[in-house]
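Working through the structure, step by step
Residues per chain, in single letters:
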Amino acid sequence: MIVTVTLNPALDITHTVASLVPHSSHRVSDVGAQAGGKGINVARVLHTLGLPTVAVAFRGGPAGAAIAADLDSHGIAHRLVGIAGENRRTFAVVDVGSGDATVFNEPGPAVSDDEWHALREQVHLLLPDASVLVLSGSLPPGLPTTAYAQLIGAAARAGVPVVLDAAGAPLRAGVAAGPNVVKPNVTELVEATGLPDPLAAAEALRAAGAQVVVASLGPEGLLAVTPDGTFRAGPPEPLAGNPTGAGDSVVAAIAAGIHTGTPWPRRLAEAVALSAATVRAPRAGHFDADTYHRLASRPVESRTPRPHTV
């Protein structure tokens, strides 16, 4: 099974409007609320794909109860660790006219040492049966920047590959712990390495400890720097829609590829297809099946071989 960890889960609330105009009133055409946070979005996509997955996260207050109820209603297996604080909420306003989304992210509740210990224990209990461990998203107040590095170390001792999707200091600390895959976007790459060129920055993260770096290049698709070579893949045409959660679908495809043993070129093609299909869906964690199946068969655009160094 694929275990996803969301240390800063959220109740995601999405409002859809015809056109977002600052300093004005809007009539909302659609309202949605669901369990969210990057790791939970990954688990939702994996569940829809029919893959075994368990979502591990903190749960607190009325928002936490709503998160649990949503996971239950969709049949997504979970291990939620209770906390004294209340889970955060995120608000996304989707502009139908432009296809853009404006997102407001609350910081999340403070997490105590005992609560952090309890969540680590849940992960340790799941690792013997795990095929992949996914670590995604921001850290709530109270957790050390080494939180992901601690979980990566535990997974390494259990022989479980790790996919890390983080930013800033947690990303840098996590990379030093040697994850199998990291999935930054271009901004996170520059922030982590100080290098403006995505390829050079990805190579730098590999040198710092990551075995594989998959970089999200926005509309240009994905860049994967692996021990077997450098691969590029992108959608055939621009796709209008809500980009929220597209990166989480990339992570889901990577985790699914590790779980099934899919080679990197096919894994990357699946990631592009799932990401593009998510843009065409109304909310994060969902994807348009027609778009996914149409794009999944496309070949990866380029490959640069390199010696096996890992």
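Residues numbered from 1 in each chain as written. Predicted model: local features only at pLDDT ≥ 70, side-chain atom pairs only at ≥ 80, totals over all residues. Heavy atoms only, no water.

As for the overall build of the chain
For the chain, the count of helices and strands is 10 helices and 14 strands. Computed over C-alpha atoms, the radius of gyration of the chain comes to 18 Å, within 12% of the 19 Å expected from 2.2 N^0.38 for 310 residues, which places it in the range of a compact globule. Projecting the C-alpha coordinates of the chain onto the three principal axes gives extents of approximately 55 × 45 × 40 Å. Within the chain, buried positions represent 52% of all 310 residues. Summarising the internal contacts of the chain: among those between residues at least 6 apart in sequence, 67% fall at separations of at least 24. Here the chain contributes 21 positive and 26 negative side-chain charges, whose respective centroids are spaced 4 Å apart. (Helix = DSSP H or I, 4+ residues; strand = E, 2+ residues; numbered from the N terminus. Rg over C-alpha atoms; globule rule 2.2 N^0.38 Å. Buried < 20%, exposed > 50% of the residue type's maximum accessible area, 1.4 Å probe, protein only. Contact = heavy atoms within 4.5 Å. Lys, Arg positive; Asp, Glu negative; His and termini not counted. Charge placed at Lys NZ, Arg CZ, Asp CG, Glu CD.)

Re the pairing of strand 12 (residues 222-226)
Most of strand 12 sits inside the fold, with 5 of its 5 residues counted as buried. Sheet topology places strand 11 (residues 212-216) next to strand 12; 4 bridges connect them, and they run antiparallel. When the sheet's bridge partners are listed, Val214 is paired in strand 12 with Ala224. Two successive antiparallel strands, strand 11 and strand 12, enclose a turn made up of 5 residues, where Gly218 displays a positive phi of approximately 70°. Counting the residues between successive antiparallel strands, the hairpin from strand 12 to strand 13 (residues 229-233) contains 2 residues. (Pairing = 2+ DSSP bridges.)

Thoughts on the nonpolar core
The nonpolar side chains of a soluble globular protein tend to be buried, and buried together. Formed by 43 residues in total, the largest nonpolar core has its most connected members in Val5, Leu7, Phe58, Trp116, Leu119, Leu133 and Leu135. Looking at this core, the element that brings in the most residues is helix 4 (residues 147-158), giving 6 residues. Each residue touching Leu135, except ones within four places of it in the same chain, is listed here: Val5, Tyr148, Leu151, Ile152, Val162, Val163, Leu164 and Asp165. (Core = buried A, V, L, I, M, F, W, Y, C linked by side-chain atoms within 4.5 Å.)

A short note on unusual backbone geometry
Apart from glycine, the bulk of residues carry a negative phi angle, and the bulk of peptide bonds sit in the trans form. We note that His23 has phi near 65°; this positive angle belongs to a residue other than glycine. Its place among the elements puts His23 in the loop between strand 2 (10-17) and strand 3 (28-36). Residue His23 is classed as exposed on the basis of its relative accessible area of 88%.

What to know about the packing of helix 3 (residues 113-126) against helix 4
For the pair helix 3 and helix 4, interaxial distance at closest approach is 11 Å and the crossing angle is 30°. By the angle between their axes, helix 3 is roughly parallel relative to helix 4. Where helix 3 crosses over helix 4, the two elements pack in a sense that is right-handed. Note on element contacts: helix 4 touches helix 3 through Ala147, Gln150, Leu151 and Ala154, opposite Trp116, Arg120, Val123 and His124. Grouping the amino acids of the contact of helix 3 with helix 4 by side-chain chemistry returns 5 nonpolar, 2 polar and 1 charged. (Axes fitted to C-alpha atoms, helices over the stretch in contact; angles between N-to-C directions. Parallel < 35°, antiparallel > 145°, perpendicular 65-115°, else oblique. Left-handed = near helix turned anticlockwise from the far one by under 90°. Nonpolar A, V, L, I, M, F, W, Y, C, P; charged D, E, K, R; others polar.)

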